[in-house]
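Per-entry structural report
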Amino acid sequence: MTGGVYKLKHHLAGISKDVGACISVSEEVKKLMLDTVVTLRQNLLKKSMSREESNVGYSENARKRPSEEEIEDSSNIFKRKGTQTTTNAIFKKNDREDACQEIALFFYNNVILFNVANSEEFKRMLKLVGRHGPGLKPPSYHEIRVKYLKQQVKKTNLILV
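All values reported here derive from a predicted model rather than from experimental measurement.

1. Brief notes about unusual backbone geometry
- Look at Val111: it is not a glycine, yet its phi comes out positive at around 50°.
- Along the chain, the position of Val111 falls in the loop between α5 (87-109) and α6 (120-132).

Structure representation (structure tokens):
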């Protein structure tokens, strides 16, 4: 079996929660693990409810505190409420913030109108840069002016200044 303590507890308790039940565990260990898992889940529920109650200005539509029967009901105990933010998502959010900051500085320092951010060309450019991934070497001044813009001028019959 692979996984962490969470899966091990469920495995030993005989609860099919993302892992198969252990067939060679004694009833004593099984009961001990089940009690441990139930207690931990009840504490987690109580803790989350106390946080919700302590929030200042919570709305009347906030979730109601579960009754003792709901807490005791083992079918509800192992259902996860919501999702946990992953480390990868946190880093991605920070990376996006950094990238957006650099884009904003690029617009500002080069006196580019902000409505350019709404253009299809800008969105297409970022999509292609993202598809390439890390390590994209930006085109040089010469490449932009001579190679790529001349190709575009030939396609569209524009005049290059």
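2. Topic: α6
- Counted at 1.5 Å a residue, the expected span for α6 with its 13 residues is 18 Å, and the 18 Å between its end C-alpha atoms agrees.
- Where α6 ends, the next residue or the one after it, Gly133, has phi of about 90°, a positive value.

3. A look at the layout of surface pockets
- Roughly 770 Å³ of volume is contained in the largest pocket.
- Phe106, Phe122, Met125, Leu126 and Val129 are, among the 18 residues lining the largest pocket, the residues nearest its centre.
- Those elements that place two or more of their residues in the lining of the largest pocket are α5 and α6.
- The element contributing the most residues to the lining of the largest pocket is α6, with 7 residues.
- Across the lining of the largest pocket, the residue classes break down as 15 nonpolar, no polar and 3 charged.

4. Quick notes on the pattern of salt bridges
- Applying the stated rule across the entire model yields 1 salt bridge.
- A salt bridge links Lys31 to Asp35; the nearest nitrogen and oxygen atoms lie 3.0 Å apart. Of the two residues, Lys31 and Asp35 both sit in helix α2 (residues 27-54), 4 residues apart, roughly one turn of that helix.
- Classification of Lys31 as exposed rests on a relative accessible area of 53%.
- A residue is classified by how much of its surface remains accessible, and Asp35, at 39% relative accessible area, is partly exposed.

5. Brief notes about the packing of aromatic side chains
- Using the criterion set out here, one finds 3 aromatic pairs in the structure.
- Judged by centre distance (6.3 Å) and plane angle (85°), the ring pair of Phe106 and Phe107 falls under edge-to-face.
- Relative accessible area serves as the criterion here: at 48%, Phe106 is assigned to the partly exposed category.
- On the numbers, 6.4 Å between centres and 15° between planes, the contact of Phe107 with Phe114 is stacked.
- By relative accessible area, which is 59% here, Phe114 ends up exposed.

6. Some words on the nonpolar core
- In this structure, Leu12, Ala13, Ile15, Cys22, Val25, Met33 and Val37 together form the largest nonpolar core, which totals 7 residues.
- Among the secondary structure elements, those contributing two or more residues to this core are α1 (5-13) and α2.
- In contact with Ala13, not counting residues within four places along its chain, are Lys30, Met33 and Leu34.

Cut-offs used in this document
- Residues numbered from 1 in each chain as written.
- Predicted model: local features only at pLDDT ≥ 70, side-chain atom pairs only at ≥ 80, totals over all residues.
- Heavy atoms only, no water.
- Helix = DSSP H or I, 4+ residues; strand = E, 2+ residues; numbered from the N terminus.
- Expected span 1.5 Å × (residues − 1).
- 1 Å grid on protein atoms, 1.4 Å probe; cavity = no way out; pocket = protein on both sides within 12 Å on 5 of 7 lines; lining within 4 Å.
- Points joined across faces, edges and corners; volume = space filled by probe spheres on them.
- Nonpolar A, V, L, I, M, F, W, Y, C, P; charged D, E, K, R; others polar.
- Salt bridge = Lys/Arg side-chain N within 4 Å of Asp/Glu carboxyl O.
- Buried < 20%, exposed > 50% of the residue type's maximum accessible area, 1.4 Å probe, protein only.
- Phe/Tyr/Trp six-rings, centres within 6.5 Å; stacked < 30°, edge-to-face > 60°.
- Core = buried A, V, L, I, M, F, W, Y, C linked by side-chain atoms within 4.5 Å.
- Contact = heavy atoms within 4.5 Å.

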